[in-house]
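# Coordinate analysis (summary)
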Amino acid sequence: MKERHLLQQTGAVWFFAMVCCFLWGSAFPCIKIGYELFKVDSADTASQILFAGLRFTLAGILVVLFYSIMQKKPMLPKKTSWGMVGAISMFQTVLQYFFFYVGLAHTTGVKGSIIEASNVFMAIIFASLIFHQEKIDMTKAIGCIIGFAGVVLVNLTGSGLGGGIRLDGEGFMLIACAAYAMSSVLIKRFSEREDPVVISGYQFTIGGIVMMAIGFFMGGRLHGGGLSAILLLLYMAMISAVAYSVWSLLLKYNPVSKVTVFGFMTPVFGVVLSAVFLGEAASMPWLQSLIALVLVSAGIYIVNRKSE
């Protein structure tokens, strides 16, 4: 019997996936704080896109640089892999984060972090129905319904969490989730032919440059700065560089559903960290948010309880 790769072992999957989810969860308050430090208004879409592009360009450079040092040679995609890099870049960076950054600016960090959990279910649906990487059965379907019930619940709590659904807020967040889900199944497919860390580094660099150009020519500008702003930007770049590279490796060696099951921890971390760092704890309806998180977690457990 062939020995399983380290990243296929349950303990390793749990540990590395949890690290990724903590980093992603911390991104919610960091983005809001970054807008304040760089003086980006919630209505200034161009500057939001420029800010995102700067973060991901830096993240891509960090991935390529450190991976090249580790491998002791320049890491470049194969000539036949540039199309894959472009496709991942479009879904994972440009489309996902265009809608993510603009959407998060028009909703609360707590609300956005819970909506983001829907990418778990979208990834399973895409992997099953579009790419036929897995089979979806009644159990998985029920789990998806229960999980989405949690997402719906947090949007039906009235003015306590921002007054329901806005297209440029919660709607954009859902579009971002769909783009991320598509990138997950594409990474699973493309990693059979190319190193997923190489794909991650170059797709971030290309996508980041595209977003910077779009934001700049739309009139976006960043102001303020200072040491705090620079350190925050470096941390946010590290979030992307570390989390997406590790997540891509997990997707390479495991079924999409087995990896994405851990995505429920992203909104958990996002809720806690947003409440602490954004001052949302006092106004947050803890009971409804807790019920929503329980539904999301239960749905993911049901979907993946047969994954082992």
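Keep in mind that this is a model prediction, so the values were computed, not measured.

Here is what the cut-offs are and how they apply
- Residues numbered from 1 in each chain as written.
- Predicted model: local features only at pLDDT ≥ 70, side-chain atom pairs only at ≥ 80, totals over all residues.
- Heavy atoms only, no water.
- Helix = DSSP H or I, 4+ residues; strand = E, 2+ residues; numbered from the N terminus.
- Expected span 1.5 Å × (residues − 1).
- Buried < 20%, exposed > 50% of the residue type's maximum accessible area, 1.4 Å probe, protein only.
- Phe/Tyr/Trp six-rings, centres within 6.5 Å; stacked < 30°, edge-to-face > 60°.
- pLDDT = per-residue confidence, 0-100.
- Patch = residues over 30% accessible without salt bridge, like charges linked within 9 Å, V, L, I, M, F, W, Y side chains within 5 Å.
- Areas by Shrake-Rupley, 256 points an atom, 1.4 Å probe, with all protein chains shown as cover.
- Salt bridge = Lys/Arg side-chain N within 4 Å of Asp/Glu carboxyl O.
- Core = buried A, V, L, I, M, F, W, Y, C linked by side-chain atoms within 4.5 Å.
- Contact = heavy atoms within 4.5 Å.
- Axes fitted to C-alpha atoms, helices over the stretch in contact; angles between N-to-C directions.
- Parallel < 35°, antiparallel > 145°, perpendicular 65-115°, else oblique.
- Left-handed = near helix turned anticlockwise from the far one by under 90°.
- Nonpolar A, V, L, I, M, F, W, Y, C, P; charged D, E, K, R; others polar.

An ideal rise of 1.5 Å per residue puts 18 Å on 13 residues; helix 5 (residues 118-130) measures up with 17 Å between its terminal C-alpha atoms. Most of helix 5 is tucked away, with 10 of its 13 residues classed as buried. Buried residues of helix 5: Ser 118, Asn 119, Val 120, Phe 121, Met 122, Ala 123, Ile 124, Phe 126, Ala 127 and Ser 128, and no others. Following helix 5 by one or two positions, His 132 has its phi on the positive side, about 55°.

Our next topic: the packing of aromatic side chains. Evaluated as defined, the whole model comprises 16 aromatic pairs. Ring geometry for Phe 56 and Tyr 97: centres 4.2 Å apart, planes at 45°, overall tilted. Of this pair, Phe 56 sits in helix 2 (residues 45-71) while Tyr 97 sits in helix 3 (residues 82-104); the two residues are 41 residues apart in sequence, bridging distant segments of the chain. The class of Phe 56 is buried, set by a relative accessible area of 0%. Ring plane angle 90° and centroid distance 5.0 Å describe the contact between Phe 99 and Phe 172, whose orientation is recorded as edge-to-face. Pair noted here: Phe 99 is in helix 3 and Phe 172 is in helix 7 (residues 167-190), with a separation of 73 residues, a long-range link. In this pair, the class of Phe 99 matches that of Phe 172, namely buried.

This next bit is on the confidence of the model for the protein chain. Put simply, the protein chain has an average pLDDT of 82, and 90% of its residues get 70 or more. Within the protein chain, the element-level pLDDT minimum falls on helix 4 (residues 109-115), averaging 69, and the maximum on helix 8 (residues 196-217), averaging 92.

Let us look at a nonpolar patch on the surface. Together, Trp 82, Ile 206, Val 210, Ile 214 and Met 218 line one region of the surface with nonpolar side chains, adding up to about 420 Å² of accessible area. Per-element tally for the nonpolar patch: the top contributor is helix 8, with three residues. Note on placement: Met 218 falls in the loop between helix 8 and helix 9 (227-253). According to the relative accessible area criterion, Met 218 is partly exposed, its value standing at 47%.

As a further point, take the environment of Leu 167. Looking at the secondary structure, you find Leu 167 in helix 7. Remark: the alpha-carbon pair of Leu 167 and Glu 134, spanning 33 residues in sequence, is separated by 32 Å.

Attention shifts here to the nonpolar core. By size, the foremost hydrophobic cluster in this structure holds 74 residues, and its most contacted members are Trp 24, Phe 100, Tyr 101 and Trp 247. The contacts of Phe 100, once residues within four sequence positions are left out, are Phe 28, Ile 31, Glu 116, Met 173 and Ala 176. Counting 11 residues, the second-largest nonpolar core is a separate cluster that includes Ala 59, Tyr 67, Met 75 and Val 85.

Our focus in this paragraph is the packing of helix 3 against helix 7. In the contact formed by helix 3 and helix 7, the axes pass within 7 Å of each other and the chain directions differ by 160°. Viewed along their axes, helix 3 and helix 7 adopt a mutual orientation that is roughly antiparallel. Here the hand of the crossing between helix 3 and helix 7 comes out left-handed. Partitioning the contact of helix 3 with helix 7 into residue classes produces 19 nonpolar, five polar and one charged.

The next subject is the packing of helix 7 against helix 9. Look at helix 7 against helix 9: their axes get within 8 Å of each other, and the N-to-C directions meet at 55°. When the interaxial angle is binned, helix 7 and helix 9 end up oblique. Of the two elements, helix 7 crosses helix 9, and the hand of that crossing is right-handed. On helix 9, the residues touching Tyr 180, Ser 184, Ile 187 and Lys 188 of helix 7 are Tyr 244, Trp 247, Ser 248, Leu 251 and Lys 252.

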